[in-house]
Amino acid sequence: MDLFESLKEKIDGKNIKIVFPEGVEPRIIGAAVRLKADQVLEPVLLGAPEEVEEVAKKNGFHVESLQVIDPETYETAAFDEMVAAFVERRKGKATEEQARQILKDPNYFGTMLVYLGLVDGMVSGIIHSTGETVRPALQIIKTKPGVSRTSGAFIMQRGHGSERYLFSDCAINIDPSAQELAEIAVESAKTAELFDIEPRVAMLSFSTKGSAKSPQVDKVAEATKIAQELAPEYAIDGELQFDASYVPSVGAQKAPDSKVAGKATVYVFPELQSGNIGYKIAQRFGNFEAIGPILQGLNKPVSDLSRGANEEDVYKLAMITAAQSLL
Ligand SMILES: CC(C)(COP(=O)(O)OP(=O)(O)OC[C@H]1O[C@@H](n2cnc3c(N)ncnc32)[C@H](O)[C@@H]1OP(=O)(O)O)[C@@H](O)C(=O)NCCC(=O)NCCS
Ligand SMILES: CC(=O)OP(=O)(O)O
């Protein structure tokens, strides 16, 4: 079954609420109107209602049935409660006065709605940078017990899902340590399972099994060992070059004893430059659909769109975020 048909079945009838802080952006409004009409989930747009309506009208959308919250006119008692919860969560890192200022930012406001359980997840980042989008989640929602770093994964699919892989970290950790990379690998295997990908995890490098020597290669080899110890239930191998991971004949030649080489489904990049460049090359040269970044390891789901996303990307990432909220 198509991934999104199966996700629709999972989230159907659960009345899952997803907040979109960029409620006056046409690609967001278009996706929200379709999500509501298809009865996939309950979208909540942030913004001034008259502005949302104006943008919708210009773009031929009808938004009458959508919930719109204007942070500027949010009910005083509810805002006071939000401010108090923020100050408490930041434990001395923000005063009440600072909190009132910070919460004017729609990404902070939306993240607080998620934290307070008033909505189930958030999708943002189509206008804002990744830092602006995810920093509130890192500070407020924070990572699950046992996870020290969140990371950003993409579902990469082609041929309506006949080929489907997971790429990570393509969004968050600029230069993870071996320990952090190992954790990213394990979280990526879990994310893959959630989205019907049987995880065979390749720890990518420019070297395969010692064919090159450098501190960067050593980091990936060490991360592989740590990940294998952390999660022996998963097939995780490295360090592997991309061709050795993906092409069966090259995998057999370069890493003949590997359970992953030549058939990897989860590709873990050694640092963010290669991860972010790698997914965009597959997307733009290879015609893969890139759905994400899906933030892994957070207590509640927050997803960060690429600024290059289209309406369909928003629609699909919202479904993924809704499915994560059921975990
Ligand atoms: C994600 C990012 C914005 C965080 O940067 P930052 O805000 O400067 O991070 P800081 O080190 O100041 O930490 C801020 C808070 O987030 C937490 N944090 C930072 N990175 C984290 C991570 N990967 N996982 C979990 N928590 C994290 C810190 O512990 C800190 O929490 P605290 O305030 O409660 O102590 C930064 O790593 C970044 O810019 N990454 C690249 C993003 C990017 O451009 N990607 C390409 C496009 S997708
Ligand atoms: C994920 C990503 O690269 O986001 P952006 O294109 O917005 O920088």
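In case you missed it, the structure is sitting above this.
Residues numbered from 1 in each chain as written. Chains lettered and ligands numbered in written order. Predicted model: local features only at pLDDT ≥ 70, side-chain atom pairs only at ≥ 80, totals over all residues. Heavy atoms only, no water.

Draft legend 1. The packing of aromatic side chains, seen in detail. Counted under the stated rule, the structure contains 10 aromatic pairs. Aromatic pair F154 and Y279: ring centres 3.8 Å apart, planes at 20 degrees, arrangement stacked. With a gap of 125 residues between them, F154 in strand β5 (residues 151–158) and Y279 in helix α12 (residues 272–284) connect regions that are remote in the sequence. For the pair F154 and Y279, a shared accessibility class is recorded, and that class is buried. Measuring from ring centre to ring centre gives 5.6 Å for F167 and Y267, while their planes differ by 70 degrees; the resulting arrangement is edge-to-face. Of this pair, F167 sits in strand β6 (residues 163–168) while Y267 sits in strand β9 (residues 266–268), and the two are 100 residues apart along the sequence. The class for F167 is buried, based on a relative accessible area of 6%. Put simply, the rings of Y165, F167, F242, Y246, Y267, F269 and F288 pair up and form one aromatic cluster. The residue whose ring lies beneath R34 is Y315, and the NZ or CZ to ring-centre distance is 4.2 Å. For K316, the ring lying beneath its charged end belongs to F4, and the centroid distance is 5.0 Å. (Phe/Tyr/Trp six-rings, centres within 6.5 Å; stacked < 30°, edge-to-face > 60°. Helix = DSSP H or I, 4+ residues; strand = E, 2+ residues; numbered from the N terminus. Buried < 20%, exposed > 50% of the residue type's maximum accessible area, 1.4 Å probe, protein only. Lys NZ or Arg CZ within 6 Å of the ring centre and 35° of its normal.)

Draft legend 2. A look at helix α8 (residues 178–194). For α8, built from 17 residues, the straight-helix expectation of 24 Å at 1.5 Å per residue is met to within 8% by its first-to-last C-alpha distance of 25 Å. Within α8, 13 of the 17 residues are buried, which leaves it mostly tucked inside the rest of the structure. Following α8 by one or two positions, D196 adopts a phi angle in the positive range, close to 60 degrees. (Expected span 1.5 Å × (residues − 1).)

Draft legend 3. Focus on the site of ligand 2. Close contacts around ligand 2 come from F154, N276, Y279, K280, P293, S306 and R307, and that covers them all. Measuring from an oxygen atom of ligand 2, one finds a side-chain N or O atom of K280 at 2.9 Å. Here an oxygen atom of ligand 2 sits 2.8 Å away from a polar atom, N or O, in the side chain of S306. A total of 260 Å² of accessible area belongs to ligand 2 in isolation, and the protein chains cover 87% of it. Sort the elements by how many residues they give to the shell around ligand 2 and α12 lands first, with three residues. Across the shell around ligand 2, the residue classes tally to three nonpolar, two polar and two charged. (Near = heavy atom within 4 Å. Polar contact = N/O pair within 3.5 Å; in protein donor to acceptor, adjacent residues only side chain to side chain. Areas by Shrake-Rupley, 256 points an atom, 1.4 Å probe, with all protein chains shown as cover. Nonpolar A, V, L, I, M, F, W, Y, C, P; charged D, E, K, R; others polar.)

Draft legend 4. Spatial organisation of the site of ligand 1. Lining the immediate surroundings of ligand 1 are 18 residues, of which R90, K93, R135, T150 and A171 lie closest. Between an oxygen atom of ligand 1 and a side-chain N or O atom of K142, the distance comes to 3.3 Å. Contact between ligand 1 and I172: a nitrogen atom at 2.9 Å from a main-chain N or O atom of the residue. For ligand 1, whose unbound accessible area comes to 950 Å², protein coverage reaches 64%.

Draft legend 5. Broad picture of the nonpolar core. F20, F195, M203 and I320 are the most contacted members of the largest nonpolar core, which has 60 residues in total. In terms of residue count, the dominant contributor to this core is α8 (nine residues). If we ignore the near neighbours within four places in the chain, the residues touching M203 are L181, A185, V220, A223, T224, I236, D237, G238, E239, L240 and V268. (Core = buried A, V, L, I, M, F, W, Y, C linked by side-chain atoms within 4.5 Å. Contact = heavy atoms within 4.5 Å.)

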